[in-house]
Amino acid sequence: MRVILVGFGVIGRGVISVIKKKREYLKKRYGMDVKIVAICDSSGAAIDENGLDLDLALEVKKRRGKISEYPGKGVTLEATEVIRSVDGDVLIEVTPTNIEDGEPARTYIIEGFKSGKHVITANKGPLALYFQELMSYAKRYNRIFRYEASVGGAMPIINLARETLAGNEIIEIKGILNGTTNYILTKMEREKLDFDTVLKEAQELGIAETNPYQDISGLDTAAKIVILANSIMNMNVTIKDVKIEGITRITPEALTMANKGGYTIKLVGEVKRNKLEVCPKLIPLDDPLNVKGSLNVAKLYTDLAKEVIVVGRGAGSIETSSAILSDLIHTYLQTSKG
Amino acid sequence: MILLDLELKDSPGELLKALTPISKMGINIHSVIHLRERKRDDKVVVRIVLENLEEDTLKKIVEKLEDRGIVVTKVNNNIRKMDVDVVVIGHVVDTDIRDTIDRLNRYGLVVDLDLTMPHPYKESSARMRILVDIKKLEGLCKEMEKISKEKDLLFIKSF
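All figures in this text were calculated on a predicted structure; none of them were measured in a lab.

Quick notes on the rules
Residues numbered from 1 in each chain as written. Chains lettered and ligands numbered in written order. Predicted model: local features only at pLDDT ≥ 70, side-chain atom pairs only at ≥ 80, totals over all residues. Heavy atoms only, no water. Helix = DSSP H or I, 4+ residues; strand = E, 2+ residues; numbered from the N terminus. Buried < 20%, exposed > 50% of the residue type's maximum accessible area, 1.4 Å probe, protein only. Contact = heavy atoms within 4.5 Å. Areas by Shrake-Rupley, 256 points an atom, 1.4 Å probe, with all protein chains shown as cover. Lys, Arg positive; Asp, Glu negative; His and termini not counted. Charge placed at Lys NZ, Arg CZ, Asp CG, Glu CD. UniProt positions renumbered as here; feature names shortened; annotations may be inferred. Buried area = accessible area lost by both parts, 1.4 Å probe. Salt bridge = Lys/Arg side-chain N within 4 Å of Asp/Glu carboxyl O. Polar contact = N/O pair within 3.5 Å; in protein donor to acceptor, adjacent residues only side chain to side chain. Pairing = 2+ DSSP bridges. Axes fitted to C-alpha atoms, helices over the stretch in contact; angles between N-to-C directions. Arc of directions from axis to C-beta. Expected span 1.5 Å × (residues − 1). Core = buried A, V, L, I, M, F, W, Y, C linked by side-chain atoms within 4.5 Å.

The next thing to look at is the overall build of chain A. Of regular secondary structure, chain A possesses 12 helices and 13 strands. Across its three principal axes, chain A shows a C-alpha extent of roughly 65 × 45 × 40 Å. Residues counted as buried form 58% of the 338 residues belonging to chain A. When contacts within chain A are restricted to residue pairs at least 6 apart in sequence, long-range pairs at least 24 apart make up 69% of them. Total accessible area on chain A is roughly 14300 Å²; 47% of this is exposed by carbon and sulfur atoms.

Turning to the overall build of chain B, a few remarks are in order. Check the secondary structure of chain B and you find 4 helices and 9 strands. Reading the helices (α) and strands (β) of chain B from amino to carboxyl end gives β-α-β-β-α-β-β-β-α-β-β-α-β. Judged by the C-alpha coordinates and their principal axes, chain B covers about 60 × 30 × 25 Å. Among the 159 residues that make up chain B, the fraction classed as buried is 44%. For chain B, the share of sequence-separated contacts (at least 6 apart) that also reach a separation of at least 24 residues comes to 67%. Side chains of chain B carry 29 positive and 29 negative charges; the gap between the two charge centres is 2 Å.

On to the UniProt feature "domain: ACT" (unreviewed entry) in chain B. The UniProt record annotates "domain: ACT" (unreviewed entry) at residues 3–80 of chain B. The span residues 3–80 of chain B carries 31% helix and 44% strand; its end-to-end C-alpha distance comes to 13 Å.

Moving on, we come to the interface of chain A and chain B. The interface of chain A with chain B comprises 16 residues on the first partner and 23 residues on the second. Approximately 1600 Å² of surface area, both sides summed, lies buried where chain A meets chain B, with 59% of it carried by carbon and sulfur atoms. By the criterion of area lost to chain B, the three top residues of chain A are Arg249(A), Met257(A) and Leu282(A), representing 43% of everything that side buries. Remark: the boundary between chain A and chain B carries 4 salt bridges. Between Arg249(A) and Asp152(B) there is a salt bridge; the shortest N-O distance is 3.2 Å. In this assembly, chain A and chain B are joined by 11 residue pairs in polar contact (both at pLDDT 80 or more). Elements represented by at least two residues in the side of chain A that touches chain B include exactly helix H11 (252–260), strand S10 (263–272) and strand S11 (275–284) of chain A. Sorting elements by how many residues they give to the side of chain A that touches chain B places H11(A) first, with 5 residues.

A few words on the UniProt feature "domain: Aspartate/homoserine dehydrogenase NAD-binding" (unreviewed entry) in chain A. When the UniProt feature table is mapped to this numbering, "domain: Aspartate/homoserine dehydrogenase NAD-binding" (unreviewed entry) covers residues 7–148 of chain A. Split by type, residues 7–148 of chain A is 46% helix and 16% strand. Its first and last C-alpha atoms lie 17 Å apart.

A few words on the sheet that holds strand S5 (residues 90–93) of chain A. All names here are of chain A. Ordered by their spatial adjacency, 7 strands build an open sheet running S4-S3-S2-S1-S5-S6-S7, and the pairing between neighbours is mixed. If you trace the sheet from one side to the other, it starts and ends with strand S4 (74–75) and strand S7 (145–146), each paired once. Two strands pair when backbone bridges link them, and strand S2 (residues 35–41) and strand S3 (residues 44–47) are joined in this way by 4 bridges, in the antiparallel orientation. Note on S3: the bridge partner recorded for Ile39 is Ala46. Against the sheet, helix H4 (residues 105–114) engages strand S1 (2–6), S5, strand S6 (118–121) and S7, with an angle of about 175° to S5.

Take helix H8 (residues 195–204) of chain A next. Side chains that are three or four residues apart share a direction in an α-helix, a result of its 3.6 residues per turn. Residues and elements named next belong to chain A. Of all the residues in H8, the buried ones are Phe195, Val198, Leu199 and Ala202. Angularly, the buried residues of H8 cover 100° about the axis, an arc narrow enough to put them on a single face. Among the exposed residues of H8, those pointing more than 90 degrees away from its buried face are Asp196, Lys200 and Glu204. Of the surrounding elements, those touching the buried residues of H8 are helix H7 (179–191) and helix H9 (213–216). The backbone nitrogen of Asp196 has a side-chain oxygen 3.1 Å away, supplied by the residue at the start of H8, namely Asp194. Positive backbone phi, at 80°, marks Gly206, one or two positions downstream of H8.

Let us now look at the sheet that holds strand S9 (residues 154–157) of chain B. Strands sit in the order S7-S8-S6-S9 (chain B) across an open sheet of 4 strands; the sheet is antiparallel. Each edge of the open sheet carries a strand with a single partner, namely strand S7 (108–116) and S9 of chain B. Each strand axis lies, on average, 25° off the axis of its neighbour in the sheet, ignoring direction. Across the sheet, H11(A) touches strand S6 (81–90), S7 and strand S8 (124–133) of chain B, and the angle it forms with S8(B) is around 35°. Each of S7, S8 and S9 of chain B is contacted by helix H3 (residues 97–105) of chain B, which is oriented at about 150° to S7(B), the strand it contacts most.

Our focus in this paragraph is H7(A). All names here are of chain A. A rise of 1.5 Å per residue sets the reference length of H7, with its 13 residues, at 18 Å; its end C-alpha atoms lie 18 Å apart and thus fit the reference within 8%. For H7, a buried count of 11 out of 13 residues is recorded, marking the element as mostly surrounded by other parts of the structure. Among all positions in H7, only Gly179, Thr180, Thr181, Asn182, Tyr183, Ile184, Leu185, Thr186, Lys187, Met188 and Glu189 are buried. Elements in contact with the buried residues of H7: strand S8 (170–176), H8, H9, H11, S10 and strand S12 (295–302). Where H7 begins, one side-chain oxygen reaches toward the backbone nitrogen of Thr180, 3.1 Å away; that side chain belongs to Asn178.

Residue and element names in this part refer to chain A. Relative to the elements of secondary structure, Lys114 occurs in helix H4. Residue Lys114 is classed as partly exposed on the basis of its relative accessible area of 41%. Sequence separation of Lys114 and Thr264 is 150 residues, and the distance between their C-alpha atoms is 48 Å. Discounting chain neighbours no more than four positions away, the residues touching Lys114 are Tyr137 and Tyr141.

Before going further, it helps to spend a moment on the nonpolar core. Residue and element names in this part refer to chain A. Grouped together as the largest cluster of nonpolar side chains are 82 residues, with contacts concentrated most on Phe145, Ile157, Ile173, Ile184 and Ile250. Looking at this core element by element, the count peaks at 9 residues for helix H10 (residues 219–232). Contacts of Ile173, omitting those with residues within four sequence positions, involve Ile157, Leu228, Ile232, Met233, Gly269, Glu270, Val271, Lys299 and Leu300.

What follows is the structure in structure tokens.
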């Protein structure tokens, strides 16, 4: 299976590390021989149709910061050009999320389908903004499109709802889908610290980003809610349809008040017919949604199985790459059948 | 069988107050179950199991209980009334807390209020427990949204 990887940041490097680690396992278990035929970053690409040396690729990126400096195989081609011209089975798209216009990921994904590749992405931006369009391209070119890693990192939710819970109608999904805000609220509650202090500490620890706006404003959770609404509940919504309130006004006193009444405060995303909402909510202290630290959790209400709850790590390069790997294995198994 | 869930004060005599009007109507009470796991503050939920009744008789029982100040939360698993909790963040007192409560009371009844003011110039927090008829819950939510915009208060809801 020939793979083109676009995006060689934290997640991209995680994907390469996981493929390296699991190479023998994939061969033995599935008969799957994964060759990374191209890796692209903002500097250009490294291309080898016989498969790149993954250790060398990681080393070049670490030492020089640019994959285009890969010895002998580095080029300064644009990613779009690489996707079009390199022969591959699957495009793994893991460029940084852009919630404003979904680019350049949207273009990469579309180019992937147009040039006959199956596409796996971890990117929320294009999915939250152009879900129907991307699905229509996948359908038109008869390609597989998988995006488990875009919601909840390693926590299985999209494929769980669509495959494991197949036959069930998903009536409602409610969950904590952003690890950074959950970490901040947990810390504020435990240590009675104010929001700004905990945010600063989370940034120093690398848990919160330098620009945490998308997390703390609820925008990141809203994007994930939209992906779940469209992909699991067959809705046709965009991020503009979500009512959003973030966590910046939460105080340690409010958390103490909530505790006195038997609750905690969590940033909860909720989707059901006629309701798309992200806002801080009172969650009973003994409720399964009361997960601590940077964990993610989702509760699915279904017609047959009733309530199904999943908890998992919502971030981290290896954790997120595990979801990408499962999509890659699924794609291989689907395509190797015929 | 008819199931009635009542919210009673957890003190002596309260159960008798609820059972007396039912027995005076000559209705057979099959059992009385204390749902102690649902105890909150000083209130306890008691489930009363009655013989099958005509719709009108059931209505009369509920009316009689409510006349005595007893909260009937469920009839045959259909929620009639519920306690909802909210934590309100903002200048809760300075924006006329009395007006806020009066407006919420048009849709439900604020039965508990707890307030903390860390500093005169900082935002305060209040926790309210509101007893609301299920039919009026949407109206209560809309009123909270209105108050939230007018007074720049953040309502964090349990529902």
